[in-house]
Amino acid sequence: MSVYLDYNATAPLRPQARAAMLEVLDGPANPSSVHGYGRKARALLEQAREAVADILAVPARAVTFTASASEANNTVLRGWRGDVLASAIEHPSVLTCSKLPFLPVDPRGILNLAAMARAAREASQPLVSVMAANNETGVIQPMEEITRCAHEVGALVHCDITQWIGRVPWQDFGADVLTFSSHKLGGPSGVGVIVAPRLEIASFIKGGGQEQNRRAGTENVAAIAGFAAALRAACHQAQGYDRLAAWRDDFESFVRVRSPQVQIFSSDAPRLAGVSCLALPAHEAQVLLIGLDMRGVAVSAGSACSAGVVGPSHVLKAMGASPASAVRISGGWQTTVQDFAHLKKALQDITELQDA
């Protein structure tokens with residue numbers, strides 16, 4: 001049996017996305033061309049843009065397509081003419097864009113609002129960058145409260161919603177600019193998006209006038225069409241993740257009973273359904289990863305954005321935790337209760353956890 005539990009790294013391609021991509025790939029698709037093929041590609045591109053805009057309730061002109069969330073984050077933050085205030089648990093593509101001390105989080109991984117407000121008052125044209133849901137722990141930030149607090153002290157808010165969108169019912173919490181990518185929600189890799197209903201985005205990649213002069217380069221129409229189809233499917237399914245959270249909770253209870261010394265990070269904070277970040281005493285994460293993989297279970301050690309390097313997590317360090325590394329389990333749209341049952345059995349075989 002093969003079990004995939006690494007959705008926070010990338011989700012399996014949804015059938016809706018595959019179908020949309022194949023339709024585009026049947027013909028040449030450069031939306032900047034004026035002939036019939038180009039006009040068809042342009043129509044598909046704009047339909048995808050409208051789909052994103054409709055779901056997020058923003059004007060279509062506010063949506064800019066990029067090649068990844070990392071590019072989207074860099075475009076927004078490196079183009080900002082003021083100070084970028086990033087939380088200490090952000091994705092590396094955000095952390096590298098800030099020259100100021102990172103904003104602290106509490107032991108659960110929730111942003112310290114008082115520290116954010118103090119930093120914003122001392123900054124010049126502050127832009128606060130906070131991800132809606134953490135890629136390592138699954139912790140969901142109180143974004144409505146964060147946005148309100150930031151606006152009260154004169155700061156604008158950038159929010160990376162890559163892990164959040166499609167897993168939590170959409171709500172507009174008032175952020176000034178959003179970024180996210182396709183492949184975490186079941187679309188293809190190679191597509192990101194900037195949604196900026198309240199900010200003007202400067203071009204980061206120079207060249208042609210694509211994407212309303214905000215991002216040069218011929219758009220990947222097939223991938224963008226697949227992304228839009230996956231986003232529609234994911235947001236439709238986001239109401240049904242309660243059972244995934246129940247399976248995760250049952251798994252964590254299973255581990256706690258058999259290994260009382262286990263560290264389960266952020267278990268007392270709001271988390272994405274199906275996400276569990278844990279460290280077992282006397283068991284290195286790399287050994288657990290290999291052992292689980294040999295038993296047909298795919299998980300990861302923290303973030304998958306460090307070229308396969310397993311090491312200390314900056315997220316856990318910011319929370320005051322000190323394991324060398326931790327295992328991240330993350331389910332999603334295809335996950336079943338049988339997957340978690342297989343995970344339990346495989347983990348028990350590797351670690352020789354006691355029977356309850």
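Up top is the structure these notes are about.
Quick summary incoming for the structure in this document.

## Considering the pairing of strand 11 (residues 327-330)
Inference 1: Of the two faces of strand 11, the one carrying Val327 and Ile329 and the one carrying Arg328 and Ser330 are both buried.
Inference 2: Two elements, strand 9 (residues 275-279) and strand 11, share four bridges in a ladder whose sense is antiparallel. By the bridge assignment, leucine 278 is partnered in strand 11 with valine 327.

## Quick notes on empty space enclosed by the protein
Inference 1: A full pass over the atoms with the stated rule returns two cavities of 30 Å³ or more.
Inference 2: Of the pockets and cavities examined, the largest cavity occupies roughly 50 Å³.
Inference 3: For the largest cavity, the full set of lining residues is Tyr7, Ala11, Arg14, Gly166, Arg167, Lys184, Leu185, Gly186, Ala234, Tyr241, Gly332 and Trp333.
Inference 4: A per-class count over the lining of the largest cavity returns six nonpolar, three polar and three charged.
Inference 5: Of the voids in this model, the second largest cavity is the one considered here, and its volume is about 30 Å³.

## Let's talk about the state of the cysteines
Inference 1: A full pass over the atoms with the stated rule returns zero disulfides.
Inference 2: As a non-bridged cysteine, cysteine 149 has cysteine 159 as the owner of its nearest cysteine sulfur, 15 Å distant.
Inference 3: Of the cysteine sulfurs around cysteine 235, a residue in no disulfide, the closest is that of cysteine 159, at 14 Å.
Inference 4: The exposure class assigned to cysteine 235 is partly exposed, which follows from its relative accessible area of 23%.

## Section: the side chain of histidine 183
Inference 1: Tracing the sequence through the fold places histidine 183 in the loop between strand 6 (177-181) and strand 7 (192-195).
Inference 2: Within the structure, the side chain of histidine 183 is placed 2.9 Å from the side chain of threonine 10, a separation counted as a polar contact.
Inference 3: Excluding anything up to four places from it in sequence, histidine 183 contacts Ala9, Thr10, Ala11, Pro188 and Ser189.

## Some thoughts on the pattern of salt bridges
Inference 1: Under the counting rule described, the total for this entry stands at twelve salt bridges.
Inference 2: Note that glutamate 46 is salt-bridged to arginine 42, the shortest N-O span being 2.9 Å. A residue pair is termed a helical-turn pair when its members lie 3 or 4 positions apart in one helix, as glutamate 46 and arginine 42 do in helix 2 (residues 36-56) at four residues.
Inference 3: For glutamate 46, a relative accessible area of 27% puts it in the partly exposed group.
Inference 4: Each of Arg42, Glu46, Arg49 and Glu211 takes part in a single network of salt bridges with overlapping partners.

## Here we look at the sheet that holds strand 8 (residues 263-264)
Inference 1: Across the sheet, which stays open at both edges, the three strands sit in the order 8-9-11 with antiparallel pairing between neighbours. The open sheet has two free edges, formed respectively by strand 8 and strand 11, since each of these has just one partner strand.

## Some remarks on the sheet that holds strand 2 (residues 63-66)
Inference 1: Across the sheet, which stays open at both edges, the six strands sit in the order 2-7-6-5-4-3 with mixed pairing between neighbours. The sheet terminates laterally at strand 2 and strand 3 (84-86), the two strands that pair on one side only. Across the sheet, the mean angle from the axis of one strand to that of its neighbour is 20°, orientation sign disregarded.
Inference 2: The sheet contact formed by strand 4 (residues 127-129) and strand 5 (residues 156-160) spans three bridges and is parallel. Looking at the pairing, valine 128 lines up with valine 157 of strand 5.

Calculation criteria
- Residues numbered from 1 in each chain as written.
- Predicted model: local features only at pLDDT ≥ 70, side-chain atom pairs only at ≥ 80, totals over all residues.
- Heavy atoms only, no water.
- Buried < 20%, exposed > 50% of the residue type's maximum accessible area, 1.4 Å probe, protein only.
- Helix = DSSP H or I, 4+ residues; strand = E, 2+ residues; numbered from the N terminus.
- Pairing = 2+ DSSP bridges.
- 1 Å grid on protein atoms, 1.4 Å probe; cavity = no way out; pocket = protein on both sides within 12 Å on 5 of 7 lines; lining within 4 Å.
- Points joined across faces, edges and corners; volume = space filled by probe spheres on them.
- Nonpolar A, V, L, I, M, F, W, Y, C, P; charged D, E, K, R; others polar.
- Disulfide = S-S within 2.5 Å.
- Polar contact = N/O pair within 3.5 Å; in protein donor to acceptor, adjacent residues only side chain to side chain.
- Contact = heavy atoms within 4.5 Å.
- Salt bridge = Lys/Arg side-chain N within 4 Å of Asp/Glu carboxyl O.
- Axes fitted to C-alpha atoms, helices over the stretch in contact; angles between N-to-C directions.

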